[in-house]
Amino acid sequence: MRLRFVPSARRITASLSLLAIAVLTGGWSNSVLPVSGPQSTFDTQGPVARAQLDVFYVTVWVTLAIFVIVAGVLAYATFKFRVKDIDPNRPMPPQGHGNPLVELGLIAASIGALVIIAVPTLRAIWYTYDVPEEHRANAYEVNAIGLQWWFKFEYPLEQIEGAGPLVTGNELVIPAGRPVRINLRTTDVIHSFWVPKLGGKVDMIPNRGNHMWLQADNPGYFWGQCAEFCGESHAVMRFRVIALGAEDFAAWVEAQKQPARSVEAPAPGTPVATFASYDMTRKKRNAPGYSAEFDRDPMAAWTAFQFPDKDEDAALIARGRELFREKACVTCHAVRGHEGMGVTGPDLTHFGSRTTLAAGLLENTKEHLHRWIVHPNDVKPGNKMWMGIGTHTNVTMTGYLAWDGETKSYTGKRHIEVNDEEARALVEYLHSLK
Ligand code: HEC
Ligand SMILES: [Cu+2]
């Protein structure tokens, strides 16, 4: 078989020059290469991410220049000295090695290239290490804690009487236009904190206090991701960063410091409201977690989430609150002001005001929440709500799967079973927690 590939020289030149124009003008982020997604490091939205991208570009330009020179010389030599006639009696061409001028020149050029890369790199390492001295007074501070497989955020500057610092799960709200210093901790294995458009990645290492900083130029909604393999559900260990203007941020903090919102249960005998039902069709495990509407404007979705639903069902909410206790959800989750006191799972005090579920995996809709509560393992394989927490230690919090402490193994039965009707009540309750 003979393959014939005759590329048209004109076509190749045209494509290469198109690519070159796109790259050189920086227009590639939206046109040629698909680099403008929600986790794009090219679409930078803050000074730390910009500093990191600058280092990338310096390295790219220097190595590209080296590539062009070396490839050019190679192409020139190949064409210029190619054998034109096959003559067995042709004498050997003159051989040469050890040209001190060329060798010294190459050493000097390599050192030059390294210095050109090293200077901006070191400067960026310095700059991104911590909030610059002159901005430190204006910096906001948060603690980010990695757990298999979600993120807990503490706000040490927002103390709540009798409860310690404000705590949220999987959504970090920060003031826009201000540097934010993030103290990075982990309770189990190594995780890594990364918000591609704002900055990262810095590891969260057991027994070691790491930190980083970032700043959002403007209010916005950003995606974050654990960037260090940390077990089964590492790929779906995500989070969100929501940057708000000064006033909105202050209002958000005030609302979050409040205990969980309570909805008065209707008096017995009151006609039961018919709540808006939703359709529970089965979805594939890797079905998209977000609606097109949400993707178009996540910030609008986030804002809308801060207010109670119009068609709340008070009776169902009251039933959900009971179930939250009966089903042992309280052992792992806290709902400050209500019954839950658990600290091993995400704090759910204001869960209804979060746009995401299961560590940023799914949009926080009633359907998704329902799926999660009935069978969390269908959504996120191996998660600790399903498997239980600390099964390898002596302090065991049994999850949905029943665990036998004697034999130290799963019994194959379910410890927590939530049926469809109960899930609807729990969904209504959790969504009322604005
Ligand atoms: C064994 C401890 C445990 C029990 C019991 C438990 N959960 Fe969870 N829950 C977790 C953990 C851990 C996560 C985080 C899972 C992840 O994203 O990997 C979680 C996540 C959640 C979330 C999503 C929170 C977020 O910010 O993404 C909701 C909602 C939730 N649980 C509700 C419930 C309800 C309702 C019950 C009772 C029926 C319950 N949980 C019982 C440990 C538990
Ligand atoms: Cu992780």
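Small disclaimer: the values here were computed from a predicted structure and weren't measured.

Chemist: Would you explain unusual backbone geometry in this entry?
Modeler: Outside of glycine, negative phi angles account for most residues, and trans bonds account for most peptide bonds. Cis geometry is found at the peptide bond from Gln148 to Trp149, where omega equals -5°. Mapped onto the secondary structure, Trp149 falls in the loop between strand 1 (140-147) and strand 2 (150-160). Omega for the bond connecting Gly200 with Lys201 falls within 30 degrees of zero, at -25°, which places this linkage in the cis form. Phi at Ala359 is positive, roughly 60°, even though this residue is not glycine. Tracing the backbone shows Ala359 in the loop between strand 11 (356-357) and strand 12 (362-363). Given 26 C-beta atoms within 10 Å, Ala359 falls into the buried group. Located in the positive-phi region is Lys408, a residue other than glycine, with phi close to 50°. Positionally, Lys408 belongs in the loop between strand 13 (401-404) and strand 14 (409-414). Residue classification places Lys408 among the exposed positions, given that 10 C-beta atoms sit within 10 Å.

Chemist: Mind showing me how you'd approach the sheet that holds strand 2 here?
Modeler: With mixed pairing, the five strands of this open sheet are ordered in space as 3-2-1-5-8. Two strands bound the open sheet, and with one partner strand each, they are strand 3 (164-169) and strand 8 (210-214). Mean inter-strand twist for the sheet, computed between neighbouring axes without regard to direction, equals 30°.

Chemist: In this structure, what is going on with the site of ligand 1? I would like to understand it.
Modeler: By nearness alone, 34 residues border ligand 1, and Cys329, Cys332, Gly345, Met385 and Gly399 come closest of all. Among the residues forming the shell around ligand 1, the class breakdown is 20 nonpolar, 10 polar and four charged.

Rules behind the numbers
In this convention, every chain numbers its residues from 1, walking through the sequence in written order. Written order decides the labels, with chains lettered from A and ligands numbered from 1. The predicted nature of this model means local features are confined to residues of pLDDT at least 70 and side-chain atom pairs, given and counted, to a pLDDT of 80 or more, with totals for whole chains, interfaces and linings taken over all residues. Put simply, DSSP H or I for four residues or longer makes a helix, DSSP E for two residues or longer makes a strand, and each gets a number counted from the N terminus. Field definition: a residue is buried when 20 or more other C-beta atoms are found within 10 Å of its C-beta, exposed when 12 or fewer are, and partly exposed for counts in between, with C-beta atoms placed from the backbone. Strands are labelled as partners when DSSP assigns at least two bridges between them. A fitted line through C-alpha atoms represents every axis, and for helices the fit uses only the stretch in contact; the resulting angles, taken between N-to-C directions, go from 0 to 180 degrees. Placing the C-beta atom from the backbone, one calls a residue near a molecule or strand if that atom lies within 6 Å of it. Polarity classes work like this: nonpolar for Ala, Val, Leu, Ile, Met, Phe, Trp, Tyr, Cys and Pro, charged for Asp, Glu, Lys and Arg, and polar for all others, with Gly in that last group.

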